[in-house]
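Residue strings, one per chain:
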Amino acid sequence: MRKLLSTLLAAIMLLTILAVPVYAEGPITFEFVLPDSYEHGTDEVIVAEIRVNNNVDGISATTFYIDLPECLTTPTEDPMSSMFATTLSAGFIPVGGWASDGPHRLSVGLLGFTVYKGDGAIVTINLVPTADATKEDLDNMSFDFGIREAKTADGVTHKGEDEYVQVSDAPIKTPTVTCIHPDTVEVEGKDPTCTEPGYSAG
């Protein structure tokens, strides 16, 4: 009888060990990701993503800041209408707007009533070039992305970056910008005459 009980106990312990999930090492990390390419000169929207990685323990809320270059803005004056929650279950909503601590700084938040576990895009943001943006501006644009705070499943709020919640080491890559007007030629201005119209330089 003892031998049988010992065998059953050993089997239960083995099953318990096998049933325990193996968590990935390292902190929860967030990254700001841009598309690989963008066609300048169209109405195409640059869809940026905020992604979460190594999120095995889960998050319930988080807020970020993103410094946009002067050549980019949101499609509408209200950035909130350009932000969308993705890959999330019901109960999560994105919030956002222009931050008071910088004229080009977006404040982005994700509020949840449950805990989200998983990796991938959690918020997408629609961006567009400003009216005076040039291809050179877009080729050389840069971003600053950071965490204001993140609340994890255990109820702990992490201010900024710490060893549990961090920004990814992966750099933000600028999209390859192509111009759909390859035959465009810059010309000098011409004054109108009695028989021909004039035009400005450009």
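Remember, it's a predicted structure, so these values are computed and weren't measured experimentally. (Residues numbered from 1 in each chain as written. Predicted model: local features only at pLDDT ≥ 70, side-chain atom pairs only at ≥ 80, totals over all residues. Heavy atoms only, no water.)

A.B. asks: Would you mind showing me how to read the overall build of the chain here?
C.D. replies: Along the chain, the regular secondary structure elements total two helices and 13 strands. When the accessible area of the chain is evaluated, it comes to approximately 12400 Å², of which 56% is carbon and sulfur surface. (Helix = DSSP H or I, 4+ residues; strand = E, 2+ residues; numbered from the N terminus. Areas by Shrake-Rupley, 256 points an atom, 1.4 Å probe, with all protein chains shown as cover.)

A.B. asks: For this particular structure, what's the right way to read the layout of surface pockets?
C.D. replies: Unoccupied space between atoms shows up once a probe the size of one water molecule is rolled over them. Put simply, the largest pocket is a space of about 270 Å³. In terms of lining, the largest pocket is formed by 18 residues, of which the most central are F32, V33, P171, I172 and K173. Mapped by element, the contributors of at least two residues to the lining of the largest pocket are β1 (28-33) and β10 (144-152). If you tally residues by element for the lining of the largest pocket, the top one is β1, at three residues. Of the residues in the lining of the largest pocket, the class split is eleven nonpolar, two polar and five charged. (1 Å grid on protein atoms, 1.4 Å probe; cavity = no way out; pocket = protein on both sides within 12 Å on 5 of 7 lines; lining within 4 Å. Points joined across faces, edges and corners; volume = space filled by probe spheres on them. Nonpolar A, V, L, I, M, F, W, Y, C, P; charged D, E, K, R; others polar.)

A.B. asks: Is there a simple way to think about the pattern of salt bridges in this case?
C.D. replies: Proximity of charged atoms lets side chains of opposite charge pair with each other. Per the counting criterion, the structure on display carries six salt bridges. The salt bridge partner of R105 is D67, with a shortest N-O separation of 2.7 Å. With R105 in strand β8 (residues 105-116) and D67 in strand β4 (residues 59-67), this residue pair connects regions lying 38 residues apart in the sequence. Of the residues examined, R105 reaches a relative accessible area of 16% and is grouped as buried. For K135, the salt bridge goes to D139, with nearest N and O atoms at 2.9 Å. Here K135 and its partner D139 are both found in helix α2 (residues 135-139), four residues apart, which amounts to about one turn of the helix. D139 gets classed as partly exposed once you look at its relative accessible area, which sits at 32%. (Salt bridge = Lys/Arg side-chain N within 4 Å of Asp/Glu carboxyl O. Buried < 20%, exposed > 50% of the residue type's maximum accessible area, 1.4 Å probe, protein only.)

A.B. asks: So what exactly am I meant to see when it comes to the confidence of the model for the chain here?
C.D. replies: On average, the chain scores 83 in pLDDT, and the residues at 70 or more come to 83%. Confidence drops under pLDDT 50 across residues 11-24; counting only partners more than four residues distant or on other chains, this segment forms four contacts. (pLDDT = per-residue confidence, 0-100. Contact = heavy atoms within 4.5 Å.)

A.B. asks: Looking at this structure, I do not really get the side chain of N126. What am I missing?
C.D. replies: With respect to the secondary-structure elements, N126 resides in strand β9 (residues 120-129). Apart from residues lying up to four places away in sequence, N126 is in contact with V45, I46, V47, T73, T74, P75, S82 and F84.

A.B. asks: I tried to follow a nonpolar patch on the surface on my own but got confused; where do I start?
C.D. replies: Taken together, the side chains of V185, V187 and Y199 make up a nonpolar region of the molecular surface, amounting to roughly 290 Å² of accessible area. Structurally, Y199 is set in the segment after β13 (176-179). Note on Y199: relative accessible area 45%, which makes it partly exposed. (Patch = residues over 30% accessible without salt bridge, like charges linked within 9 Å, V, L, I, M, F, W, Y side chains within 5 Å.)

A.B. asks: Please explain the nonpolar core as it appears in this structure.
C.D. replies: Across soluble globular proteins, nonpolar side chains have a tendency to be buried as a group. Membership of the largest hydrophobic core comes to 35 residues, with the highest contact counts inside it found for F30, F32, I50, I66, V108, I122 and I125. Those elements giving two or more residues to this core turn out to be β1, β3 (46-53), β4, β8, β9, β10 and β12 (165-167). Excluding residues that lie within four positions of it along the chain, F30 makes contacts with R51, V52, I59, T62, F64, I122, F145, I147, V165, Q166, V167 and S168. (Core = buried A, V, L, I, M, F, W, Y, C linked by side-chain atoms within 4.5 Å.)

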